[in-house]
Amino acid sequence: MTFTALKDPQALADLVARFDGRAPRYTSYPTAVQFTPEVGEAVYRRWLAGLPVSDPVSLYMHIPFCARLCWYCGCNTRAVNRHEPIAAYVGKLLDEIRLLGQALPGKLPANALHFGGGTPNMLAVEELDVLFAALGEVFDLSPDIEVATEIDPPALTREWVMACAGHGLRRASLGVQNLDPQVQAAVDRKGTIEEAARCVGWLREAGVTSINFDLMYGLPHQTTANTLATIDAVLSLRPERLALFGYAHVPWMKSHQQLIAEEALPGPAERLDQSETAAERLIAEGYVRIGLDHFALPSDELAVAQAEGRLRRNFQGYTTDAAKTLIGMGASAIGAFPQGFVQNLTRELDWRAALDRGELPVARGVAITDEDRFRAEIIERLMCDFAVDLNAVCARHGRTLADLALILARLEPFRREGLLNAEAGRVEVIGHGRLVIRSICAAVDAYFDAQQGRHAKAL
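Residues numbered from 1 in each chain as written. Predicted model: local features only at pLDDT ≥ 70, side-chain atom pairs only at ≥ 80, totals over all residues. Heavy atoms only, no water.

Comments concerning the pattern of salt bridges
For the structure on display, the rule yields 26 salt bridges. Where Glu84 meets Arg82, a salt bridge forms, and the shortest distance between an N and an O atom there is 3.3 Å. One salt bridge in this structure joins Glu276 and Arg289, with 3.1 Å as the shortest N-O distance. Highlighted residues: Glu276 in helix H9 (residues 268-284) and Arg289 in strand E9 (residues 288-290), separated in sequence by 13 residues. What you see here is one network of salt bridges that share partners, running through Lys92, Asp95, Arg98 and Asp356. (Salt bridge = Lys/Arg side-chain N within 4 Å of Asp/Glu carboxyl O. Helix = DSSP H or I, 4+ residues; strand = E, 2+ residues; numbered from the N terminus.)

In C-alpha cells:
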C-alpha cells in the first residue's frame, strides 16, 4: 500500500474533527474491555488441560519493576530501588510455573518466550538462570527458541545480555521514546544516544539479530523537529525495526500521568504531523511501514511476513508468531487460547496471595464465540494488511456476504470519505484511511461503544 503524508492543514483539521474519537488498539478481539470474572481459575484449568501436547505454545512473562516510573507509562509496573522485591517476585513466578506444570496435560513444546515489563533487564543473571531452568521442567523449550525482551538502556549490562543470549535471546526492544532533554524532563525520563549505542553494541556482540527501538510521538513539549532529531540519531545505529507509538494520555486510568502538564501536550493536528513526518523519514531511509505503528527493514522477518500475508497481531503488537496458544505468567499477564483469553490478577499483592493459596492467579477473561472469531479475522487482516477478502473470510467461517450487511453499513461513512473501497467482497483501506484504521476496525467490533470513553484517542 502506497501512502502519502497528509500535509494540507485544512484537510488534516477536517480529518481530526471527524475521526479523532477513542478506539481500541485491537491487540485482541474481543478486547480486554470485554474480559469478566466469569472466566476464572476453573475455566483456565480446563483450557490448559485441553491443550494438545504436540502443539507448540508461546510464553509471556511479565516483570513489573522499573528503576524509575516514567510519567507517560501505561504499563503495569512500579519503581523499586532495592532488589529484594524483585527476588521475592521471582520466587512467586517459580510457584506459578510449578502450578502450570500441574495443570498442563504434558510437557508442551515452546518455541518463543517474550519478557515484558516493566524492565525485564532488572532481573539478576542468576534469576534468569533459575527461571529458564524452571520453564525447562514444565515446557519442552526448543533448542532454537526465540527469546525476545524489552530493555531499558540505562539499566542494561553486558553481563546480562550475554547471559540472556545463552538462553536464546534473538530479539530486543530498547525503550528510547524521545531524546530531547526538555521532553525527557517533562516525563521524568533519562537517556542518551550514546547509552543506546553501547547497548546495541553488546546485543550485536551476543548475536541478537533483530533490534527494535520504541519511539513515541505526542509527548509534552514534543515537536516534529525533535521527533525527527531522535529518529536521525537512532537511524545511525540501523535497527532492524522501529515502533512509533502515540502517547495515550489516560490519567483517569494511570494516576501518575496527572504529573504531566496537559497544556504542554501537542494537539491532535500536531501529533499527526509528528507521526506522519516521522513515517516519511523512515520510509525514505529504506524502512517498510508495517501496520499501524511499526517499521522494518525489507529483509526483516516482520516485513517479509507482511509481504507474504502472514503478519499477525497480539498483545505484544505486530508479530510473526503463529502459535495458537500464548501462556502468560506474572502479574497482569494475558494469555490467549483457542477458546478465549485470560488475564492474571493485576495487583502484585493479589497475584502473590492467589499463588500462596495454591491457585493459578487468574482475574478475568473472555470465552470467544464463532461470531467473535469471524469478526476477529476481519479486524486482524485490516490491522495488518489494510485490506481483507471478505469472500475468503466468509468461506473459512461458513458465512455469506449477507451476514456482513450491518458491518458494511457501518463502514459506509469511511467509504464516502474516500478512506476505503468496499466492493466485490473486498475491503481495502485507501488514501488516509490508514490514519484512522482503529476507527475503521471499531465499525467491525460488535461490542464497541463510543460513549464509554475507555480507550485512547484514535489519532
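A look at the pairing of strand E15 (residues 340-344)
Across the 5 residues that make up E15, a large majority, 5, are buried. Side-chain alternation along E15 places Gly340, Val342 and Asn344 on one buried face and Phe341 and Gln343 on a second face that is also buried. Here strand E14 (residues 334-337) runs beside E15; their pairing, made up of 4 bridges, is antiparallel. When the sheet's bridge partners are listed, Ile334 is paired in E15 with Gln343. What sits between the antiparallel neighbours E14 and E15 is a turn of 2 residues. Bridge count between E15 and strand E16 (residues 362-367): 5 bridges; the pairing is antiparallel. (Buried < 20%, exposed > 50% of the residue type's maximum accessible area, 1.4 Å probe, protein only. Pairing = 2+ DSSP bridges.)

A short note on the nonpolar core
Leu48, Met61, Phe139, Phe213 and Ile327 are the most contacted members of the largest nonpolar core, which totals 81 residues. The dominant element in this core, judged by the number of residues it contributes, is helix H3 (residues 84-103), at 8 residues. Phe374, Phe386, Leu390 and Val444 belong to the second-largest nonpolar core, a separate cluster that totals 38 residues. (Core = buried A, V, L, I, M, F, W, Y, C linked by side-chain atoms within 4.5 Å.)

Some remarks on the state of the cysteines
Applying the stated criterion across every chain, the model contains 0 disulfides. With no disulfide of its own, Cys70 lies 6.7 Å from the sulfur of Cys73, the closest cysteine sulfur. Here Cys164 is not cross-linked by a disulfide; its sulfur's nearest cysteine counterpart is in Cys199, at 13 Å. Residue Cys164 is classed as buried on the basis of its relative accessible area of 0%. (Disulfide = S-S within 2.5 Å.)

Remarks on helix H5 (residues 158-166)
In an α-helix there are 3.6 residues to a turn, and that puts residues three or four apart on one side. Among the residues making up H5, those that are buried are Trp160, Val161, Ala163, Cys164 and Ala165. For H5, the secondary structure elements touched by its buried residues are helix H4 (125-138), strand E5 (140-151), strand E6 (169-177) and helix H7 (193-205). Within two residues after H5, Gly168 carries a phi angle of roughly 115 degrees, on the positive side. (Contact = heavy atoms within 4.5 Å.)

A word on unusual backbone geometry
Glycine aside, the phi torsion of most residues is negative, and most peptide linkages are trans. Of note, the bond from Tyr29 into Pro30 is cis; its omega dihedral lies within 30 degrees of zero at -5 degrees. With respect to the helices and strands, Pro30 occurs in the loop between helix H1 (9-19) and helix H2 (41-49). Cis geometry is found at the peptide bond from Gly117 to Gly118, where omega equals 10 degrees. Although it is not a glycine, Asp188 adopts a positive phi angle of roughly 55 degrees. Counting through the fold element by element, Asp188 comes out in the loop between helix H6 (181-186) and H7. In this structure Asp188 comes out as partly exposed when scored by relative accessible area, which is 36%. Phi angles above zero are rare outside glycine, and Arg238 is one such case at about 50 degrees. Summarising the element assignment, Arg238 is placed in the loop between helix H8 (224-235) and strand E8 (241-246). Arg238 gets classed as partly exposed once you look at its relative accessible area, which sits at 37%.

Remarks on the sheet that holds strand E18 (residues 420-423)
Here we have 3 strands laid out as an open sheet, ordered E17-E19-E18, and antiparallel in their pairing. One side of each edge strand has no neighbouring strand; the edge strands of this open sheet are strand E17 (387-389) and E18. Neighbouring strand axes in the sheet, compared pairwise and without regard to direction, differ in orientation by 5 degrees on average. Bridge count for E17 against strand E19 (residues 426-429) is 3 bridges, and the pairing is antiparallel. Bridge pairing links Asp389 to Arg426 in E19. (Axes fitted to C-alpha atoms, helices over the stretch in contact; angles between N-to-C directions.)

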